[in-house]
Amino acid sequence: MLEAPQPQGSTSQPLWNIAIPLPSCWDQSFLTNITFLKVLLWLVLLGLFVELEFGLAYFVLSLFYWMYVGTRGPEEKKEGEKSAYSVFNPGCEAIQGTLTAEQLERELQLRPLAGR
């Protein structure tokens, strides 16, 4: 079995051959058209509710709906994915980049020096 020569400076790590199918142009245009129609419908309904003097209520309820739809359910969590809230992680482990009170005290140098 012959191996192809590796370029200098490259590491011999295994390459993962994962084929991710790209959406076709028709799929993208279809989704764009559906999104456009949804926004157009929302604007038409907003105009209707403004005429009925319920425009603000429609807008606020729409915001609540968008917040609800935008959140993920627990079944959509990937295996091994950590929660942003450390109390839900095993061992209360915080995710990378979390600012802790101890770190803030160290950075502000508010912690008293040992031996004082």
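Computed from a predicted structure; not experimentally measured.

The secondary structure content of the chain amounts to 3 helices and 0 strands. The burial tally for the chain puts 6% of its 116 residues in the buried class.

Glancing now at the packing of aromatic side chains. Throughout the structure, instances matching the rule amount to 4 aromatic pairs. Pairing Trp-42 with Phe-59 gives two aromatic rings, centres 6.2 Å apart and planes at 55 degrees, and the pair type is tilted. Within this pair, whereas Trp-42 is found in helix H1 (residues 25–51), its partner Phe-59 is found in helix H2 (residues 55–70), the two being separated by 17 residues in sequence. Take Trp-42: its relative accessible area is 17%, and that puts it in the buried class. Taken together, Trp-42, Phe-49, Tyr-58, Phe-59 and Trp-66 form an aromatic cluster joined through their ring pairs.

Now for the UniProt feature "transmembrane region" (unreviewed entry) in the chain. If you check UniProt for "transmembrane region" (unreviewed entry), the listed places come out as residues 39–68 in our numbering. Helix makes up 90% of residues 39–68 and strand 0%, with an end-to-end C-alpha separation of 17 Å.

About the cut-offs
Residues numbered from 1 in each chain as written. Predicted model: local features only at pLDDT ≥ 70, side-chain atom pairs only at ≥ 80, totals over all residues. Heavy atoms only, no water. Helix = DSSP H or I, 4+ residues; strand = E, 2+ residues; numbered from the N terminus. Buried < 20%, exposed > 50% of the residue type's maximum accessible area, 1.4 Å probe, protein only. Phe/Tyr/Trp six-rings, centres within 6.5 Å; stacked < 30°, edge-to-face > 60°. UniProt positions renumbered as here; feature names shortened; annotations may be inferred.

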